[in-house]
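Take a look at the letters that make up each chain.
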Amino acid sequence: MPSVAEVRAQAEEVAAGWSAPGAPDSWRLTAALFEAIAADAGLLGRLARLPADRLPALLASAAISFLVRRDRPPPLAGYFPDPAGPQPPFDDGCGPALRDFIAARRRGILAVCRGRRYQMNEVARCAQIAVGLAAAGPGTPVGLADLGTGAGLGLQLDRYRYRVGRHGAGPAEAALSLDCAVRGPGQPPRPELPPIVARAGLDLNPIDVRDPAARRWLQACAPPEAATLARLTAAIEVTRRHPVPLLAGDVVDALPALLDRFPADLPLVVVDAYLAVFLPAGRRAKLTAILAAAGRDRPVTWLSLDPLVPLGPGGRDSVQGLPLPGWLVRDYAHGVFAVLGARTFHRGAEHGELLARAHPSGQWLEWLAAS
């Protein structure tokens, strides 16, 4: 079980990520939501009774969004965007409204949290993953495995269109286009993907996007920001039209069974976006060992998009064990971000490379790879 201080720190970390200098006005509600969670000692005490792997602060944010959209309490509901609508104006009344709602509904918030798991499906991160696959993939047809896949939105990589810096790629008729800015002098490759000829995902609680109740919970887990909800809605429709196999199971223990679903001679790309960072060190080591064993007879590339470990401003290591420059670790203490890395295993050998640092919500990346 986490301590109250750990739950508060989780909420404060997310709030800081959504209130960085230059953040758009549409992010202010998300920042205020997590600030209100961090400030409510009564709620924090209840959340600390939940297992740490349930991500209590994030789960609470989803529960609050779920209850606000379901019950429409005034004036708070007026600040929350509808999935197909614009971002409502934010003003100084929002913070007090959030705090009043939380204080009045602590038991209800915890009841929602007890019966559910947090499911982050920020599809904008697919642009960062696509660049990583273009850089580190084998350049031949691949199988795509997605760990912690949720609803499987990340398995639709080749059905979205991308603009990363000055490069565009993807089907012209795509129902969803994702933009990702490029920072710094490095230039990433064009996000052109190899043919994905087989795909499957693994999640402890996979989500069926055909279920209206499941879609409502996905929307609750998304930050209450209009552009985020619009991306989610479009990605859900793509996934409904192109269903993919989603396996239920522990993402480490069931990983061998997931990999066995793919043809034995097909190169594999295994994607982990904001999953490995939440695994204890021993579980990350087991995940690495499973991927290395799977790479004895074919190339297996692990693409990771994760913050540093340990989770929080004190993070200093890559979840993949990749060497990190000192300046990157020092920067991390002043604003959490993800690092995009690749490790490829084949015939007993392996190659690892730090590719980029990346915004948590897919807004930008900074290319760091020498290649």
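Here the structure is a predicted model, which means the values were calculated and not measured.

Conventions we followed
Residues numbered from 1 in each chain as written. Predicted model: local features only at pLDDT ≥ 70, side-chain atom pairs only at ≥ 80, totals over all residues. Heavy atoms only, no water. Helix = DSSP H or I, 4+ residues; strand = E, 2+ residues; numbered from the N terminus. Rg over C-alpha atoms; globule rule 2.2 N^0.38 Å. Buried < 20%, exposed > 50% of the residue type's maximum accessible area, 1.4 Å probe, protein only. Contact = heavy atoms within 4.5 Å. Areas by Shrake-Rupley, 256 points an atom, 1.4 Å probe, with all protein chains shown as cover. Arc of directions from axis to C-beta. Expected span 1.5 Å × (residues − 1). Core = buried A, V, L, I, M, F, W, Y, C linked by side-chain atoms within 4.5 Å. Pairing = 2+ DSSP bridges. Axes fitted to C-alpha atoms, helices over the stretch in contact; angles between N-to-C directions. Salt bridge = Lys/Arg side-chain N within 4 Å of Asp/Glu carboxyl O.

Looking at the overall build of the protein chain
A tally of helices and strands in the protein chain yields 12 helices and 11 strands. On C-alpha atoms alone, the protein chain measures out to a radius of gyration of 20 Å, which is about the 21 Å that the 2.2 N^0.38 rule sets for 371 residues. Among the 371 residues that make up the protein chain, the fraction classed as buried is 54%. Summarising the internal contacts of the protein chain: among those between residues at least 6 apart in sequence, 73% fall at separations of at least 24. Here the protein chain has roughly 15,300 Å² of accessible surface; of this, 53% comes from carbon and sulfur atoms.

Things to note about helix H6 (residues 106-114)
Buried residues of H6: Ile109, Leu110, Val112 and Cys113, and no others. Looking straight down H6, one finds its buried side chains confined to an arc of 155°; they lie on one side. Facing away from the buried side of H6, by more than 90 degrees, are the exposed residues Arg107 and Arg114. Elements in contact with the buried residues of H6: helix H3 (41-47), helix H4 (56-71), helix H5 (94-104) and helix H8 (212-221).

Some thoughts on helix H7 (residues 125-136)
Look at H7: 17 Å from first C-alpha to last across 12 residues, which is about the 16 Å you get at 1.5 Å a residue. The element H7 is largely enclosed, with a buried count of nine among its 12 residues. Along H7, the positions that sit buried rather than exposed are Arg125, Cys126, Ala127, Gln128, Ile129, Ala130, Val131, Gly132 and Leu133.

Re the nonpolar core
In globular proteins that are soluble, nonpolar side chains generally tend to be buried together. Ile37, Leu47 and Leu98 are the most contacted members of the largest nonpolar core, which has 47 residues in total. For this core, the secondary-structure elements that each account for two or more residues are helix H1 (4-17), helix H2 (28-39), H3, H4, H5, H6 and H8. With 10 residues, the single largest contributor to this core is H4. Beyond its immediate sequence surroundings of up to four residues, Leu98 is in contact with Leu29, Ala32, Leu33, Ala36, Leu76 and Phe80. Counting 46 residues, the second largest nonpolar core, distinct from the first, contains Cys126, Leu153, Tyr160 and Ile207.

Section: unusual backbone geometry
Pro74 connects to Pro75 through a cis peptide bond whose omega is -5°. Along the chain, the position of Pro75 falls in the loop between H4 and H5. Of the consecutive residues Val309 and Pro310, the connecting peptide bond is found in the cis state with omega at 0°. In this structure, Pro310 sits in the loop between strand S8 (300-306) and helix H12 (326-332). One non-glycine residue, Leu55, lies in the positive phi region at around 55°. Mapped onto the elements, Leu55 comes out in the loop between H3 and H4. Given the relative accessible area of 11%, Leu55 is considered buried. For Tyr274, which is not a glycine, the phi torsion comes out positive at approximately 60°. The residue Tyr274 is located in the loop between strand S7 (268-273) and helix H11 (281-294) in this model. We classify Tyr274 as buried; its relative accessible area is 16%.

Notes on the sheet that holds S8
In a beta sheet, neighbouring strands are held together by backbone hydrogen bonds and run either parallel or antiparallel to one another. Taken in spatial order, the 11 strands make up an open sheet running S3-S2-S4-S11-S10-S9-S8-S7-S1-S5-S6, and their pairing is mixed. A strand with exactly one partner marks an edge of an open sheet, and here the two such strands are strand S3 (167-169) and strand S6 (246-248). Looking at each pair of strands side by side, their axes are set apart by 25° on average, direction ignored. Sheet analysis places strand S4 (residues 177-183) next to strand S11 (residues 364-367), joined by three bridges and oriented parallel. Residue pairing in the sheet places Arg183 in a bridge with Glu366 of S11. Of the strands in this sheet, strand S2 (161-164), S4, S7, S8, strand S9 (338-346), strand S10 (349-358) and S11 touch H7, which is tilted by about 145° from S8.

Observations concerning the pattern of salt bridges
The final tally for this structure, using the stated rule, is 16 salt bridges. Among the ionic pairs, Arg283 bridges to Asp253, the shortest N-O distance being 3.2 Å. Highlighted residues: Arg283 in helix H11 and Asp253 in the loop between S6 and helix H10 (255-260), separated in sequence by 30 residues. For Arg283, a relative accessible area of 24% translates into the label partly exposed. When salt bridges that share partners are traced, they join Asp250, Asp253, Arg283 and Lys286 into one network.

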